[in-house]
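Each chain is listed here by its residues.
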Amino acid sequence: MDYRGKVVVITGASSGIGRDAAVAFAKRGAIVVGVARRESLLQELAGECRRHAPDASYLAGDLGERGFAERVVHETVARHGRLDVLINNAGLPMHKQIYDVTPEDMDLQMRVNFMACVWTTLAAIPYMLRQGEGYVINVSSMAAKVAPPRETPYTAAKAAMDGFTAGLWSDLAGSNIHVSLVVPGPIDTEIWGKDDSPSAYSGPKYPPKIVTDALFEVIEKKVHERVVPRFSAQLVSAHLLRFFAPSVLLRGMAWMEPVAPDVVAKARARAAASTGRGGGGAAGGSASGGTGGGAG
Ligand SMILES: NC(=O)c1ccc[n+]([C@@H]2O[C@H](COP(=O)([O-])OP(=O)(O)OC[C@H]3O[C@@H](n4cnc5c(N)ncnc54)[C@H](OP(=O)(O)O)[C@@H]3O)[C@@H](O)[C@H]2O)c1
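A word on the sheet that holds strand E5 (residues 134-139). With parallel pairing, 7 strands are arranged side by side in an open sheet as E3-E2-E1-E4-E5-E6-E7. Of all the strands in the sheet, the pair left with one neighbour each is strand E3 (57-60) and strand E7 (225-228). Averaged over all pairs of adjacent strands, the angle between their axes in this sheet comes to 15°, without regard to strand direction. Its contacts with the sheet place helix H1 (residues 16-27) against strand E1 (7-11), strand E2 (31-36), strand E4 (85-88) and strand E6 (177-184), and it is angled at close to 170° to E1. Sheet strands in contact with helix H4 (residues 103-131) are E4, E5 and E6, and its direction is about 175° off that of E4.

The next point concerns the site of the ligand. Among the 31 residues in the neighbourhood of the ligand, the closest are listed as Arg37, Tyr154, Ile187, Thr189 and Lys194. Contacts to the ligand include isoleucine 187, whose backbone N or O atom sits 2.7 Å from an oxygen atom. In isolation the ligand exposes 870 Å². Once the protein is present, 99% of that is buried. Here the shell around the ligand is composed, by residue class, of 13 nonpolar, 12 polar and 6 charged.

Glancing now at the environment of histidine 95. Tracing the chain through its elements places histidine 95 in the loop between E4 and H4. Within polar-contact distance, the side chain of histidine 95 engages the backbone oxygen of serine 197 at 3.1 Å.

Cut-offs used in this document
- Residues numbered from 1 in each chain as written.
- Predicted model: local features only at pLDDT ≥ 70, side-chain atom pairs only at ≥ 80, totals over all residues.
- Heavy atoms only, no water.
- Pairing = 2+ DSSP bridges.
- Helix = DSSP H or I, 4+ residues; strand = E, 2+ residues; numbered from the N terminus.
- Axes fitted to C-alpha atoms, helices over the stretch in contact; angles between N-to-C directions.
- Contact = heavy atoms within 4.5 Å.
- Near = heavy atom within 4 Å.
- Polar contact = N/O pair within 3.5 Å; in protein donor to acceptor, adjacent residues only side chain to side chain.
- Areas by Shrake-Rupley, 256 points an atom, 1.4 Å probe, with all protein chains shown as cover.
- Nonpolar A, V, L, I, M, F, W, Y, C, P; charged D, E, K, R; others polar.

Everything listed here is a matter of geometry and, on its own, says nothing about what the molecule does.
See the structure below:
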């Protein structure tokens, strides 16, 4: 595919997978619009992209806000006249035992890791229809399929993204708007160090480039879903178990980090105390020590 002059929006472009992909698209001549919150990193990225494609730019803001997410699309079309490829890649981790998860945590995860891709996609579809072509690629996670311990909000948000993408695939049939889901396993980026609670995952992590390569592959071959790395024994067996022995997979994930008895005891005590005060809501303090973690 000839990417020269194609307008590509990449969210979460200030670091990790998004940054790697932004530079790779620019090197192929695409006009990249990088999106994230950290403006200085976006400025630096735009400078690097401009060495290959002079019109590269960026938009800094919080994709958890619907107004900004929609503005990303409208502003891109205002600047460049079109939007060819929308890559919804921004995301943030959360490693929290469910006893400690608040409705606000869940809301944040859903807004950034799911609703942002809904807002940008709904805003992009009319432009892509008018152009007669477009690509929407959502970057999910293996966590959506295997539910690692202490990642329930992240898993739920990414699983919602998976369902949204599958629905788009059906509904956009005949429109010439192609929709793909890229599902990374553990990738070596700063996401692993971003949550207060450390991850216990100690297996191999793969370079962001393999995800970038998958982004090009799903566009060029019009693939609906691509897990990366494609031939990891860990991910392939997780996939097989999910379909043929889901309860074994669930038990395996629980075995990865068993819930310590004192975590349940503390949560119970906290629940009793809050009930005693006449409320069912969460009281202050943490119920879990949180010793481990799961996939990013
Ligand atoms: N690394 C992995 O092992 C792995 C595995 C599976 C899936 N993924 C997914 O891959 C995607 C990229 O992650 P990564 O590994 O490259 O991690 P990363 O380096 O931490 O990148 C995350 C990006 O999302 C942006 N972002 C976060 N919250 C945002 C917000 N509210 N508004 C706008 N931008 C926001 C961050 O930029 P700012 O902080 O500047 O806003 C950053 O550019 C994520 O969706 C992640 O869930 C990663």
